Every structure is written in structure tokens, then in C-alpha cells.
Amino acid sequence: MSSNFMQALGSTHLYPITDQHLSGLSHAEQVDFLIDIGATLIQLREKIDPPLRFFEQAEPAVLVARDRGAKIIINDRVDIALALKADGVHLGQEDLSPDAARRILGSDAIIGFSTHSLEQARLATQMPVDYVAIGPIFSTATKQSANPPVGLDGLARVREALGGMPLVAIGGITSENIGSVVKAGADVVAVISDIWVPANDSLIRIKRLLNYS
Ligand code: TZP
Ligand code: MG
């Protein structure tokens, strides 16, 4: 299961996430831009538009990615991932369960699962997922949440508990602190705001994130 996810990332640690509101670009435009500079796996995330609009926006983004050899993961919506034959889905604690998503999307789909504590991450290792995400690592304005930052120490404890399961760190990660996050045990960093805001030097920051080794 998990090999699809790590293979799709190739040598980069960066798992970029789209945000129409922060970037001012459509999902398809963001995907095009990210692929131009070397991204190979991108998550489409839409927290403002309703599902119908997200579906309409995700469709051209999936087509662009397919055309250009990149993979797309849909945030939250198993139905949209299935309808668009996307490469997978990223689920939160309150979305459809990974088990149900696996039954719907099949064994080849990439399924990721968000966790916010060591306990949740431990439970996730028993689920049919390709990666576990832990966050927020640092405080972030992107997601209003009751979950306190887990910090680098919390991340390191989750790393230990997860064994070989791919671990994605998310929340407040930037081109400045990526090194500390990878050193604490993240295989991959998922990033929203640092790649889109401010737009004027976003290219430099994404390249730094993509090329971190
Ligand atoms: N889950 C935990 S923190 C977060 C999500 C989706 C937001 C991450 O955004 P940013 O802008 O990279 O901190
Ligand atoms: Mg979610």
C-alpha cells in the first residue's frame, strides 16, 4: 500500500496543498504552477466552496496532472476522488473512515489520514492507510482547530510509534524550518501557506521546500 505514496514523491520531501483563497489561483492553475517547478504529488484542498464547485474545479486540475504525469490526492471527499479517478484521498478524523474509503476506492488508491496526537497516530497504524499525517506541528493560521501544536518532540514520539509507516508532518512548516521537521522524523512535509503567501517570492520558497534533501 504505502509504496505508491513514497514512490509518487520521488526524491522530494514536499507534499504541496492547494488553496484558492490564499493563492488567488484556481486549483488547475496551482497544479500547473507546482508541476512546472517539479512537484509530483499534490493535494487539492477546498474548505470554502461547496462540493459541487469543488468537483467542477478539481476536474480540470486532475486532467492537468494526469497529462503531465503528476498525482492528485483529494482532501476530505471520497466521492469526488472516485468520480474523478484521482490517485487518492486525504481524510480527517471526522471524514469517512479509511476503511470505508479503501472499500470504495480500492487497493491502488493512496489513502492518507490526519491525526493530532500520539494516541490517534498509534490507532492509525492499524488502519488501511498509505501514510499518517500528524499536526499541527507548529501554530498556524491556516486551520482553526482545537488541537494544540504537537511540536518537534511530539513529532519525534509519533515517528517512533509509527515504525515504517510514511509520516507526513503538517502545520506551520516553512522553507526555513523544514530541516528541523525532517530531522525530527517526518518523511514528508505538507505545506499550504508558505508556498502561496506572499505570492511575490513564493517561487523561491517552493523551490527551497522541493529541493530540501
Ligand atoms: N492540518 C493540520 S495543520 C493544517 C492542516 C490542514 C494547516 C496547514 O497549513 P499551513 O499553512 O502549511 O500551516
Ligand atoms: Mg479533512
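The preceding data block contains the structure.
Rules used throughout
Residues numbered from 1 in each chain as written. Chains lettered and ligands numbered in written order. Predicted model: local features only at pLDDT ≥ 70, side-chain atom pairs only at ≥ 80, totals over all residues. Heavy atoms only, no water. Buried < 20%, exposed > 50% of the residue type's maximum accessible area, 1.4 Å probe, protein only. Helix = DSSP H or I, 4+ residues; strand = E, 2+ residues; numbered from the N terminus. Right-handed = clockwise from strand over helix to strand, strands pointing away. Salt bridge = Lys/Arg side-chain N within 4 Å of Asp/Glu carboxyl O. Near = heavy atom within 4 Å. Polar contact = N/O pair within 3.5 Å; in protein donor to acceptor, adjacent residues only side chain to side chain. Areas by Shrake-Rupley, 256 points an atom, 1.4 Å probe, with all protein chains shown as cover. Nonpolar A, V, L, I, M, F, W, Y, C, P; charged D, E, K, R; others polar. Pairing = 2+ DSSP bridges. Core = buried A, V, L, I, M, F, W, Y, C linked by side-chain atoms within 4.5 Å. Contact = heavy atoms within 4.5 Å.

Undergrad: Lay out the pairing of strand S2 (residues 41-44) with the relevant residues and their values.
TA: As a general feature of sheets, a regular strand has side chains that alternate between the two faces. Residues Leu41 and Gln43 line one face of S2 and the alternating positions Ile42 and Leu44 line the opposite face, and both faces are buried. With helix H4 (residues 51-67) bridging S2 and the parallel strand S3 (residues 71-75), this β-α-β connection has right-handed handedness.

Undergrad: I'd love a proper account of the pattern of salt bridges, names of residues and values included.
TA: A complete count under the given rule lists 12 salt bridges for this structure. One salt bridge in this structure joins aspartate 187 and arginine 159, with 2.8 Å as the shortest N-O distance. Residue aspartate 187 is located in the loop between helix H9 (178-183) and strand S8 (188-191), and its partner arginine 159 is located in helix H8 (residues 151-162); the two are separated by 28 residues in the primary sequence. Here arginine 208 and glutamate 176 are joined by a salt bridge, their closest N and O atoms 3.3 Å apart. With arginine 208 in helix H11 (residues 202-211) and glutamate 176 in the loop between strand S7 (167-170) and H9, this residue pair connects regions lying 32 residues apart in the sequence. Judged by its relative accessible area of 42%, arginine 208 is partly exposed. Shared partners join several salt bridges into a network, and the residues in it are Asp32, Asp36 and Arg68.

Undergrad: Please provide a residue-by-residue account of the site of ligand 1, values included.
TA: Within the structure, ligand 1 sits among Arg45, Pro136, Thr140, Thr142, Lys143, Ile170, Gly171, Gly172, Val191, Ile192 and Ser193. At 2.6 Å, a side-chain N or O of threonine 140 approaches an oxygen atom of ligand 1. A distance of 2.5 Å separates an oxygen atom of ligand 1 from a polar side-chain atom of serine 193. Expressed as a share of its isolated accessible area of 370 Å², the protein-covered part of ligand 1 is 96%. Partitioning the shell around ligand 1 into residue classes produces four nonpolar, five polar and two charged.

Undergrad: Report on the pairing of strand S6 (residues 131-134), specifying residues and quantitative values.
TA: Across the two faces of S6 the burial is the same, with Tyr131 and Ala133 and Val132 and Ile134 all buried. Of the pairings in the sheet, the one linking strand S5 (residues 110-115) to S6 comprises four bridges and is parallel in character. Across the sheet, threonine 115 pairs through a bridge with isoleucine 134, a residue of S6. Taking the sense of rotation as the criterion, the β-α-β connection linking S5, helix H7 (residues 118-124) and S6 turns out right-handed. Of the strand pairs in this sheet, S6 and S7 are connected by three bridges, and their pairing is parallel. Counted as the bridge partner of alanine 133 is valine 168 from S7.

Undergrad: Kindly report on the nonpolar core, identifying the contributing residues and their values.
TA: The biggest cluster of nonpolar side chains holds 68 residues, and the ones touching the most others in it are Phe5, Tyr15, Leu44, Ile74 and Leu155. Take this core: its biggest share by element is five residues, from H4. With sequence-adjacent residues up to four places away left out, leucine 155 is seen in contact with Ile134, Ile137, Val150, Leu167, Ala169, Val181, Ala184 and Ala186.

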